[in-house]
Amino acid sequence: MATVRHGGTMLLIGGVENGKASKKIIEYDFETGQSKVLLTMKTERAYCSCVCRGNTLIVIGGAKDDPAAVDCFNFLSNSWKRLPPMAEARILASAVVVN
């Protein structure tokens, strides 16, 4: 699964659950130790990467049916958007935001 910090929480994105790629995004609260399913992605993803900047989460690669897929979630509008695919499919890649 991919992980990214979002405010005071950690988001756990996709991964493998019971032998299948997951659509879940789980929010883990550092302070309380509690976790909950925050979102469900449209695409099952394992071995993906992600970045979070402000109110935007971008999930990169690792999609079961399209490993070049890039999806964007806007926390303000609570909506997913498919972005143009990567030139090359990626799994097990890293991602970082550079200012």
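Conventions used here
- Residues numbered from 1 in each chain as written.
- Predicted model: local features only at pLDDT ≥ 70, side-chain atom pairs only at ≥ 80, totals over all residues.
- Heavy atoms only, no water.
- Helix = DSSP H or I, 4+ residues; strand = E, 2+ residues; numbered from the N terminus.
- Buried < 20%, exposed > 50% of the residue type's maximum accessible area, 1.4 Å probe, protein only.
- Pairing = 2+ DSSP bridges.
- Salt bridge = Lys/Arg side-chain N within 4 Å of Asp/Glu carboxyl O.

For the protein, the name recorded in an unreviewed UniProt entry is Kelch 12, with Paramuricea clavata as its organism.

Counting its regular elements, the protein contains 0 helices and 9 strands. Overall, the protein shows an N-to-C arrangement of helices and strands of β-β-β-β-β-β-β-β-β. When the backbone C-alpha atoms are referred to their principal axes, the protein occupies close to 40 × 35 × 25 Å. Each of the 99 residues in the protein was classed as buried or not, and the buried ones make up 34%.

With 4 of 5 residues buried, strand E6 (residues 49-53) is to be regarded as a mostly interior element. Linking two consecutive strands that pair antiparallel, namely E6 and strand E7 (residues 56-60), is a turn of 2 residues; a positive phi of about 60° is found at Gly 54 within it.

Moving on, we get to the pattern of salt bridges. One pass over the full model with this rule turns up 6 salt bridges. With a closest N to O distance of 3.8 Å, Glu 27 and Lys 36 form a salt bridge. You can call Glu 27 buried: its relative accessible area is 18%. Residue Lys 36 is classed as partly exposed on the basis of its relative accessible area of 48%. Measuring nitrogen to oxygen at the nearest pair gives 2.5 Å for the salt bridge that ties Asp 71 to Arg 82. With Asp 71 in strand E8 (residues 70-74) and Arg 82 in strand E9 (residues 79-83), this pair connects stretches of sequence that are 11 residues apart. A residue is classified by how much of its surface remains accessible, and Asp 71, at 9% relative accessible area, is buried. Under the relative-accessibility criterion, Arg 82 is labelled partly exposed at 44%. Overlapping salt bridges bring together Arg 45, Asp 66, Asp 71 and Arg 82 as one network.

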